[in-house]
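Observations on chain architecture
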Amino acid sequence: MKRVLTIVTLILHSSLFTLHVLSAQTLQSPDGRLAMHFALNGEGRPTYRLELDGRAVIGTSGLGLELKREQAGRQETFDNTQHTEASTIDQKADLMTGFTVGAVDKTSFDETWQPVWGEESEIRNHYTEMAVRLHQTKNDRDILIRFRLFNDGLALRYEFPDQRNLTYFVIREEHTEFAMTGDHWAWWIPGDYDTQEYAYTKSRLSEIRSKLPAAITPNASQTPAGPTCVQTALQLKTDDGLYINLHEAACIDYATMHLDYNERTRTFESWLTPDCRGDKGYLQTPCQSPWRTIIVGRTGADILASRMTLNLNEPCRIEDTSWIRPTKYIGVWWEMITGRSQWAYTNDVTSVKLGQTDYNKVKPNGKHAANTAHVKEYIDFAAQHGFDAVLVEGWNEGWEDWFGHQKDLVFDFVTPYPDFDVKAIHQYAAQKGVKMIMHHETSSSARNYERHLDQAYQFMVDNGYPAVKSGYVGDIVPRGEHHYGQWMNNHYLYCIQKAAQYRIMVNAHEAVRPTGLCRTYPNMIGNESARGTEYEAFGGNTVEHTTILPFTRLIGGPMDYTPGIFEMDCSKLSPTNDSKVRSTLARQLALYVTMYSPLQMAADLPENYERFPDAFQFIKDVPVDWQRSLYLEAEPGEVVTIARQDKHSRDWYVGSTVGQGGHDTALSLSFLEPGRTYEATIYQDGKDADWEKNPQSYVIWKKKVTAKTRLKLHSASGGGFAISIK
Ligand code: NOJ
Ligand code: CA
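These figures come from a predicted structure and were not determined experimentally.

The subject of this paragraph is empty space enclosed by the protein. A full pass over the atoms with the stated rule returns 4 cavities of 30 Å³ or more. In terms of lining, the largest cavity is formed by 23 residues, of which the most central are Tyr 492, Leu 493, Ile 496, Val 512 and Met 524. At the level of secondary structure, the elements contributing two or more residues to the lining of the largest cavity comprise α8 (446–462), α9 (486–501), β30 (505–509) and β31 (524–527). Considering each element in turn, the lining of the largest cavity owes the most residues, 5 residues, to α9. Taken together, the residues of the lining of the largest cavity sort by class into 15 nonpolar, 6 polar and 2 charged.

Spelled out as structure tokens, the structure:
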């Protein structure tokens, strides 16, 4: 490991004389192009601004937090309707104003590290850092704001040292601002404390408010956040072509941040997810906030190439990572999502009681997919085509009433349905060299899940399941907590840490959107936390969805998007489902490259892969772990084209996904080794392909290529291409 650490500590203690000098500080990125200016304003409030080559990226923005004031015997109630204006903030409870600057430490750091899995095998973590200690005289409290400036952006966080006047505290709101320098374009989803499963809207900042309500479809599990809140990662583009991405890194023991847009001041402000009482965080010093991140790109590709989010997380905490393996899988899943088959064993809810059902008296619905014979067919298919694993959903008792708990039929994660023979399946899969992926739908009964966790993970170890897909559908139990609150964020991490003790990999659906924690806990091999392929069976994702996700959801970590659908007409699987997958078949192949994940599913039914064996070959070939990644075209809403080199060979793979209207790509293969000849197999939209009218039209052709080759490739509307270069 290459590691250079330089520390230039500039400890200057505040005195009346030095106060003025110290209240303004500048930090420059390692390449000198980004500059962050820190200063206290007239009220002694910390502020910062960010410039690229002297041009403003983020205008002067305030920092600080507002605490909840503990009153004798009771606490104030929380007002969830408005942000408090700075002037009305309780002077005793604020960590906003009246600060003086104490010690300022400047350091720099340069290290190259090797992720257990990733988009590349080596990641450089190179930044300059400034830690500003602030003293608040009126309350005799200290905080520290730490800034890290990379060549590709700025991160900052609050640190709360242990001290007499700040031990336990409750956050009323964090007031971190991001002042916009114009009416930028934004790709956003509405603020919501419980779900990110929305379609993205592209609008000007000034249009967010008017477009917000329409974007929220009321649903029991959807809880809109504050008045003009959007979620992160938020992708922005200025009129002069600068790409700015706002998100957070290392969200641990803290609530998830939304961004509330104030049109008058053209400023985003942090808006944390509250708990059931409306409080936004219970902290005990010494502690810190997550990093607030601003990635800055001169091109869209710069945003996708940024490793800031990972770099801001702590190094791997798991010593022996040999059991953590990138995985390509199939599963008993799409057939339930489309409605062809069912998770539940019976439709008669009243006849079942968890662990005590007499199945001789129960009428099966005849559509239960997770039965031993059917699962064995999937195992055979996986073995025949070289997949690592098979996921099976609906294997355990409780699905009769899994959503809503009318009978409180929550899961115990160890009781299989009578037609699912755990031991026989374990043996069969082991013989065939196929691993099993466990499924734990918690129905958001988080406490219930925690109670069963040890037993459930031990059951997995005993029965050959090295990975689990967990899920949090519905409102959180205990009631009132939110999917993105501090309480649930702690729950997700607890599961990851506990799973590591059992050498189990976790792919959580409906959990909080990731913030790079997979660096520290690489057994966190996937998450959903956005609209995935399942929505293609619920009416369809927007055509441009997969060109936006790399700029938004994927900034925090990999997504279990579950691509690979070859039959776009859902009624062919389930006559009453009239949904159409909004993609061409060629683009479904491309997603294995463009939607980076160490966990990739081939989501369609085996019978549909058997209809298109030549296209299926790409899914069989494509690796799930990479040496290098190059971002060749990157414009949200329009096109994402990525080339990646396999971690274990010299082969390259290229994928391109495009939005409505199609796209022409002039592809240079200059990334290939000079002087070497490769064979490229190109999987491309047919001339008459179109996501709506002719999604299954594709052509596959081969060509000898070198680093000098240029390819002109046309992608259809909602189309794309995939190339293997061996
Ligand atoms: C929602 C998940 O996203 C989906 O993949 C899963 O099949 C269902 N919940 C059932 O757990
Ligand atoms: Ca979901």
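Summarising the metal site, the calcium ion (ligand 2) is bound by the protein donors Glu 197 (OE), Glu 510 (OE), Glu 528 (OE), Glu 528 (OE) and Glu 534 (OE), whose distances to it range over 2.3 to 2.5 Å. Of note is the calcium ion (ligand 2), whose 6 donor atoms meet at the metal with angles of 51 to 160° in an arrangement that counts as irregular. Taken in sequence order, the residues that donate to the calcium ion (ligand 2) follow the motif E-x312-E-x17-E-x5-E. With Glu 510 in the loop between β30 and β31 and Glu 534 in the loop between β31 and α10 (545–548), the pair connects residues that are 24 residues apart, well separated along the chain. By relative accessible area, Glu 510 is classed as buried at 15%.

Let us look at the sheet that holds strand β29 (residues 467–471). Taken in spatial order, the 7 strands of this open sheet run β31-β30-β29-β28-β27-β26-β32, and their pairing is parallel. Every interior strand has two partners, whereas the edge strands, β31 and β32 (599–601), have only one. Between one strand and the next, the sheet's axes are offset by a mean angle of 25°, whatever the strand orientation. In terms of strand pairing, β30 meets β31 through 3 bridges, oriented parallel. Looking at β31, one finds that Asn 507 is bridged to Gly 526.

As a further point, take the nonpolar core. Generally speaking, nonpolar side chains in soluble globular proteins are found buried as a group. In this structure, Trp 334 and Tyr 457 are the most contacted members of the largest nonpolar core, which totals 128 residues. Apart from the residues within four sequence positions on either side, Tyr 457 is in contact with His 440, Tyr 449, Val 468, Cys 495, Lys 498, Ala 499, Tyr 502, Ile 504 and Val 506.

Strand order in the open sheet formed by 6 strands is β33-β34-β35-β40-β37-β38, with antiparallel pairing between adjacent strands. The open sheet terminates on both sides in strands that have one partner only, identified here as β33 (626–635) and β38 (698–705). Averaged over all pairs of adjacent strands, the angle between strand axes in this sheet comes to 15°, irrespective of strand direction. Alignment of strand β37 (residues 678–685) against β38, held across 8 bridges, turns out to be antiparallel. The residue bridging Tyr 678 from the neighbouring strand is Val 705, located in β38. Docked against the sheet, helix α11 (residues 585–594) engages β33, β34 (639–646), β35 (652–658), β37, β38 and β40 (720–725), running at close to 120° with respect to β35.

Moving on, we come to the site of ligand 1. Residues in contact with ligand 1 amount to 14 residues; listed here are only the nearest, Glu 393, Glu 441, Lys 469, Glu 528 and Glu 534. In this structure, an oxygen atom belonging to ligand 1 sits 2.6 Å away from a side-chain N or O atom of Glu 393. Between an oxygen atom of ligand 1 and a side-chain N or O atom of Glu 528, the distance comes to 2.9 Å. Among the residues making up the shell around ligand 1, the classes are represented as 6 nonpolar, 2 polar and 6 charged.

Moving on to unusual backbone geometry. Residue Ala 233 is bonded to the preceding Thr 232 through a cis peptide linkage, with omega at 0°. Mapping Ala 233 onto the fold places it in the loop between β18 (229–230) and β19 (234–237). The omega angle of the peptide bond from Val 477 to Pro 478 is 10°, so this bond is cis rather than trans. Structurally, Pro 478 can be placed in the loop between β29 and α9.

Turning our attention to the side chain of Gln 645. One can find Gln 645 in strand β34. A distance of 3.4 Å separates the side chain of Gln 645 from the backbone oxygen of Arg 650, its partner in a polar contact. Leaving out residues up to four positions away in the same chain, Gln 645 has contacts with Trp 626, Gln 627, Arg 628, Arg 650, Asp 651 and Trp 652.

With that settled, the discussion passes to the environment of Lys 435. Inspection of the secondary structure puts Lys 435 in strand β28 (residues 435–441). Considered as a pair, Lys 435 and Leu 52 are 383 residues apart in the sequence and their alpha carbons are 49 Å apart. In contact with Lys 435, not counting residues within four places along its chain, are Asp 388, Ala 389, Val 390, Gly 464 and Pro 466.

Turning next to the pattern of salt bridges. Counted under the stated rule, the structure contains 39 salt bridges. One salt bridge connects Arg 146 with Glu 129, and the closest N-O pair in it is separated by 2.7 Å. Remark: Glu 129 occurs in strand β11 (residues 123–136) and Arg 146 occurs in strand β12 (residues 141–150); sequence separation between them is 17 residues. For Glu 159, the salt bridge is made with Arg 146, and the minimal N-O distance between the two is 2.5 Å. Pair noted here: Glu 159 is in strand β13 (residues 153–160) and Arg 146 is in strand β12, with a separation of 13 residues, a long-range link. Assigned by exposure class, Glu 159 and Arg 146 land together as buried. A single network of salt bridges, built from pairs that share partners, joins Glu 129, Arg 146, Arg 148, Arg 157 and Glu 159.

To continue, consider the pairing of strand β16 (residues 185–188). Looking at chain direction, β16 and strand β17 (residues 201–204) are connected through 4 bridges and run antiparallel. In the sheet register, Ala 186 faces β17, and the bridge partner there is Ser 203.

Of note, Lys 469 is situated in strand β29. If we ignore the near neighbours within four places in the chain, the residues touching Lys 469 are Trp 333, Leu 391, Glu 393, Ile 437, Met 438, His 439, His 440, Asn 507 and His 509.

Put simply, helix α6 (residues 372–385) and helix α7 (residues 422–432) touch, their axes get as near as 10 Å, and they point 15° apart. In terms of orientation, α6 lies roughly parallel with respect to α7. Classified by chirality, the crossing of α7 by α6 is right-handed. Contacts between α6 and α7 involve Thr 372, Val 375, Lys 376, Ile 379, Asp 380 and Ala 383 from the first element and Ile 425, Tyr 428, Ala 429 and Lys 432 from the second. Split by residue class, the contact of α6 with α7 holds 6 nonpolar, 1 polar and 3 charged.

What counts as what
- Residues numbered from 1 in each chain as written.
- Chains lettered and ligands numbered in written order.
- Predicted model: local features only at pLDDT ≥ 70, side-chain atom pairs only at ≥ 80, totals over all residues.
- Heavy atoms only, no water.
- 1 Å grid on protein atoms, 1.4 Å probe; cavity = no way out; pocket = protein on both sides within 12 Å on 5 of 7 lines; lining within 4 Å.
- Points joined across faces, edges and corners; volume = space filled by probe spheres on them.
- Helix = DSSP H or I, 4+ residues; strand = E, 2+ residues; numbered from the N terminus.
- Nonpolar A, V, L, I, M, F, W, Y, C, P; charged D, E, K, R; others polar.
- Donors = N, O, S within 2.8 Å, 3.2 Å for Na, K, Ca; no water.
- Tetrahedral: all angles 85-135°; square planar, octahedral: opposite > 155°, others 65-115°.
- Buried < 20%, exposed > 50% of the residue type's maximum accessible area, 1.4 Å probe, protein only.
- Pairing = 2+ DSSP bridges.
- Axes fitted to C-alpha atoms, helices over the stretch in contact; angles between N-to-C directions.
- Core = buried A, V, L, I, M, F, W, Y, C linked by side-chain atoms within 4.5 Å.
- Contact = heavy atoms within 4.5 Å.
- Near = heavy atom within 4 Å.
- Polar contact = N/O pair within 3.5 Å; in protein donor to acceptor, adjacent residues only side chain to side chain.
- Salt bridge = Lys/Arg side-chain N within 4 Å of Asp/Glu carboxyl O.
- Parallel < 35°, antiparallel > 145°, perpendicular 65-115°, else oblique.
- Left-handed = near helix turned anticlockwise from the far one by under 90°.

Interpretation in functional terms is not warranted from these geometric data alone.
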